[in-house]
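Observations on chain architecture
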Amino acid sequence: EEGVGAAKLAAAAGADWVDLNCGCPIHEATRRGLGSAMLRQPVRLERLVRGIAAGSPLPVSVKVRLASEGGDVNVREVVGRLRAAGAAAVTIHGRTAEARYSKAADWRLIAECVEDNAEAGGGMPLLGNGDLLTQYEAHGRMAQSGVDGVMVGRGALIKPWIFKEFRDRRAWEPSAAERVAVYRQLACFMKEHFGDDAKGRRKAWYFLPWHFDFLSRYRPLPEEEFGERAAAAPLMQTRLPPAPEGTAPLERLLAHGDPSVHERVAAALWEASSDAGAVAALTRLAEGAELAALAR
């Protein structure tokens, strides 16, 4: 009943579908039997999804992992049961809950689920997820596994324009100034949502500086240079070389991993009244003695 009620609220708010996240490995969720803990009991999960799907005014999709924390790999059984329950689509994250994000995603096992689904008659879209940082990796994984689509997580946090790259089938390698414009747009969206005042800023600060833990990891990864390497091991799991000597100060700033620097970058974006103003403020920060001291 709770699930159906939530689906009805989502429909009233204008949603196109609802998704049941059975892939989250975070303890706050699993300790209450939610998230990936739901994979421990496939029969019970099938019953839950069947009930929600039957009463929901919207299609119901489900995201899963290969297994719950400490559990046996049972994704093929889980996907089969979700299909029988009436799930509109299933997204498979190619890691167990125990692996979290530390091991390469198992796209071979995702492909086996695709084969099972086809043998059962097809019709239910399957999406793959795990270690997608470039458009060529995403297209390659789709071709390799046969999934109907892919879901991107950390890759989109590192480079939010990955969806444009996927659509266009070519990389966009923005300059530092172009990335600042993208990041400032995020700050503007947060101002609109939380409010452009002290209270709004306090709320936004739970999120905006945190995003730079991911945004700072951006590096251009042209296919002609990294394509072969990506085929051998996902770039998301590969230690990439640091920025070379002589890199422009603004580039070094945007790639900085220190949380205190992320705070300063977020503040400059929040306070800037234009993209050009944000670039100017961040360039001053990048060329200042304070950042040089942190670099040492």
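The structure contained in this document is the topic of the report that follows. (Residues numbered from 1 in each chain as written. Predicted model: local features only at pLDDT ≥ 70, side-chain atom pairs only at ≥ 80, totals over all residues. Heavy atoms only, no water.)

Along its 19 residues, helix α9 (residues 176-194) runs 27 Å from first to last C-alpha, staying within 8% of the 27 Å computed at 1.5 Å per residue. When α9 is considered as a whole, its buried residues turn out to be Ala176, Arg179, Val180, Tyr183, Arg184, Ala187, Met190 and Lys191. One face of α9 carries all of its buried residues, which in axial projection span an arc of 135°. Facing away from the buried side of α9, by more than 90 degrees, are the exposed residues Glu192 and His193. Lining the buried residues of α9 we find α10 (198-204), α11 (208-215), α13 (249-254), α14 (259-271) and α15 (275-287). Positive backbone phi, approximately 110°, marks Gly195, located one or two places after α9. (Helix = DSSP H or I, 4+ residues; strand = E, 2+ residues; numbered from the N terminus. Expected span 1.5 Å × (residues − 1). Buried < 20%, exposed > 50% of the residue type's maximum accessible area, 1.4 Å probe, protein only. Arc of directions from axis to C-beta. Contact = heavy atoms within 4.5 Å.)

Here the focus is the packing of α14 against α15. One can describe the packing of α14 onto α15 by two numbers: an axis separation of 9 Å at closest approach and a directional angle of 150°. Relative to α15, the element α14 is oriented roughly antiparallel. Relative to α15, α14 is oriented so that their crossing is right-handed. Facing α14, whose interface residues are Arg264, Val265, Ala268 and Leu269, α15 presents Ala278, Ala281, Leu282 and Leu285. (Axes fitted to C-alpha atoms, helices over the stretch in contact; angles between N-to-C directions. Parallel < 35°, antiparallel > 145°, perpendicular 65-115°, else oblique. Left-handed = near helix turned anticlockwise from the far one by under 90°.)

Applying the stated criterion to the full structure yields 17 salt bridges. Glu112 serves as the salt-bridge partner of Arg76, at 3.1 Å between the closest nitrogen and oxygen. Of the two residues, Arg76 sits in helix α4 (residues 75-85) while Glu112 sits in helix α5 (residues 107-119), which places them 36 residues apart along the sequence. Salt-bridge contacts for Arg95 lead to Asp131; the nearest nitrogen and oxygen are separated by 2.2 Å. On the criterion of sequence distance, the pair formed by Arg95 in the loop between β3 (89-93) and α5 and Asp131 in the loop between β4 (126-129) and α6 (135-145) is long-range, its members being 36 residues apart. You can call Arg95 buried: its relative accessible area is 2%. Each of Arg76, Asp106, Arg108, Glu112 and Asp116 takes part in a single network of salt bridges with overlapping partners. (Salt bridge = Lys/Arg side-chain N within 4 Å of Asp/Glu carboxyl O.)

That's the geometry; what it means functionally is another story.
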